[in-house]
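Examination of the molecular architecture
Here are the chains, one letter per residue:
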Amino acid sequence: LAKTTQPISMDSYEGQEVNITCSHNNIATNDYITWYQQFPSQGPRFIIQGYKTKVTNEVASLFIPADRKSSTLSLPRVSLSDTAVYYCLVGTLNNNNDMRFGAGTRLTVKP
Amino acid sequence: KAGVTQTPRYLIKTRGQQVTLSCSPISGHRSVSWYQQTPGQGLQFLFEYFSETQRNKGNFPGRFSGRQFSNSRSEMNVSTLELGDSALYLCASSLVGGRTDTQYFGPGTRLTVL
């Protein structure tokens, strides 16, 4: 399973755009990239998933360069409620639901 | 559609006891995975069940076990509890599992071992 590296923490202010980058140098050809958000004492919540280029939904955008060795989660106009830990996950084995979470990025949004 | 539910939400046990946690997946989901989350180790995969069969297992001792019923509901059991087993135990369900299948997590069971 590809190992991921993310910044441990980030600070931002309300209304700003936040970009969190995840490195996954050993990503395999069939691997997908998935991001989750977790609030304290709650289970992680799916944000977005992609394979290459750009994916956008109502919550975030995911940018994946051609070499796929990294990905960037973009949160537009963050609010205080976006303060959470964000996890980047890469790939699972065939017919395997094993997901290995890294340490995640603790995002703190300030007023 | 109702989300993943876990019971109980909080539990206090003493060392040496055993505990059973329950997880009800989203209706129609057949894959259920269990995770342990602690401040020191983060989120760690325990095991995954699909169609009543354990399909994958993480690196946890045999004291941790689970099962899945025909209605996809799952239970996790920890025997001979140790202080280090204190953690948030999370259950996640997905349609069939696999690399592109989104997992939906429950709120977790907070287990405290005294």
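The paragraphs below set out a description of the structure included in this document. (Residues numbered from 1 in each chain as written. Chains lettered and ligands numbered in written order. Predicted model: local features only at pLDDT ≥ 70, side-chain atom pairs only at ≥ 80, totals over all residues. Heavy atoms only, no water.)

**Side note on the pattern of salt bridges**
All names here are of chain B. All chains considered together, the criterion is met by six salt bridges over all chains. Note that aspartate 85 and arginine 63 form a salt bridge whose closest N and O atoms lie 2.8 Å from each other. Placement of the pair is aspartate 85 in the loop between β8 (74–78) and β9 (87–94) and arginine 63 in the loop between β6 (53–57) and β7 (64–68), with a sequence separation of 22 residues. Accessibility classification places aspartate 85 together with arginine 63 in one group, the buried group. Across the pair glutamate 75 and arginine 73 runs a salt bridge, and its minimum N-O distance is 3.4 Å. Taken together, the shared-partner salt bridges in this structure form one network comprising Arg63, Glu82 and Asp85. (Salt bridge = Lys/Arg side-chain N within 4 Å of Asp/Glu carboxyl O. Helix = DSSP H or I, 4+ residues; strand = E, 2+ residues; numbered from the N terminus. Buried < 20%, exposed > 50% of the residue type's maximum accessible area, 1.4 Å probe, protein only.)

**A short note on the sheet that holds strand β5 (residues 53–56) of chain A**
Residue and element names in this part refer to chain A. The strand order across the open sheet formed by four strands is β2-β7-β6-β5, and the pairing between neighbours is antiparallel. Pairing within the sheet leaves two strands with one partner each, and these edge strands are β2 (18–23) and β5. With direction set aside, neighbouring strand axes in the sheet form an average angle of 15 degrees. (Pairing = 2+ DSSP bridges. Axes fitted to C-alpha atoms, helices over the stretch in contact; angles between N-to-C directions.)

**Comments concerning the side chain of threonine 105 of chain A**
All names here are of chain A. Note that threonine 105 resides in strand β9 (residues 105–110). A residue is classified by how much of its surface remains accessible, and threonine 105, at 0% relative accessible area, is buried. In this structure threonine 105 touches Gln6, Pro7, Ile8, Ser9, Met10, Ile20, Ala84, Val85 and Tyr86, once residues within four positions along its chain are discounted. (Contact = heavy atoms within 4.5 Å.)

**Looking at the environment of threonine 20 of chain B**
Residue and element names in this part refer to chain B. Here threonine 20 shows up in strand β3 (residues 19–24). Residue class for threonine 20 comes out partly exposed when judged on its relative accessible area of 37%. Residues threonine 20 and serine 65 lie 45 residues apart in sequence; the distance between their C-alpha atoms is 9.5 Å. Look past the residues within four positions of threonine 20 in its chain and what remains in contact with it is Pro8, Glu75, Met76 and Asn77. There is a polar contact of 3.0 Å between the side chain of threonine 20 and the side chain of asparagine 77. (Polar contact = N/O pair within 3.5 Å; in protein donor to acceptor, adjacent residues only side chain to side chain.)

**Looking at the sheet that holds strand β1 (residues 5–7) of chain B**
All names here are of chain B. Strand order in the open sheet formed by four strands is β1-β3-β8-β7, and the pairing between neighbours is antiparallel. Two strands in the sheet have a free side with no partner beyond their single neighbour: β1 and β7. Geometrically, the sheet is characterised by an average inter-axis angle of 20 degrees between neighbouring strands, direction not taken into account.

**Topic: the layout of surface pockets**
Unfilled space is identified by rolling a water-sized probe across the atoms. Reported here for the largest pocket is a volume of approximately 460 Å³. Contributing to the lining of the largest pocket are 21 residues, with Gln38, Val85, Tyr87 and Arg106 of chain A together with Gln37 of chain B lying nearest its centre. Elements supplying a minimum of two residues to the lining of the largest pocket: β8 (84–90) and β9 of chain A together with β4 (31–38) of chain B. At three residues, the largest contribution of residues to the lining of the largest pocket is made by β8 of chain A. (1 Å grid on protein atoms, 1.4 Å probe; cavity = no way out; pocket = protein on both sides within 12 Å on 5 of 7 lines; lining within 4 Å. Points joined across faces, edges and corners; volume = space filled by probe spheres on them.)

**Regarding the pairing of β8 of chain B**
Residue and element names in this part refer to chain B. Among the five residues of β8, five are classified as buried, and the element is accordingly described as predominantly covered. Residue alternation in β8 divides its side chains into two sets, Ser74, Met76 and Val78 and Glu75 and Asn77, and both sets are buried. The sheet contact formed by β7 and β8 spans five bridges and is antiparallel. Its bridge partner being in β8, phenylalanine 64 is matched across the sheet by valine 78.

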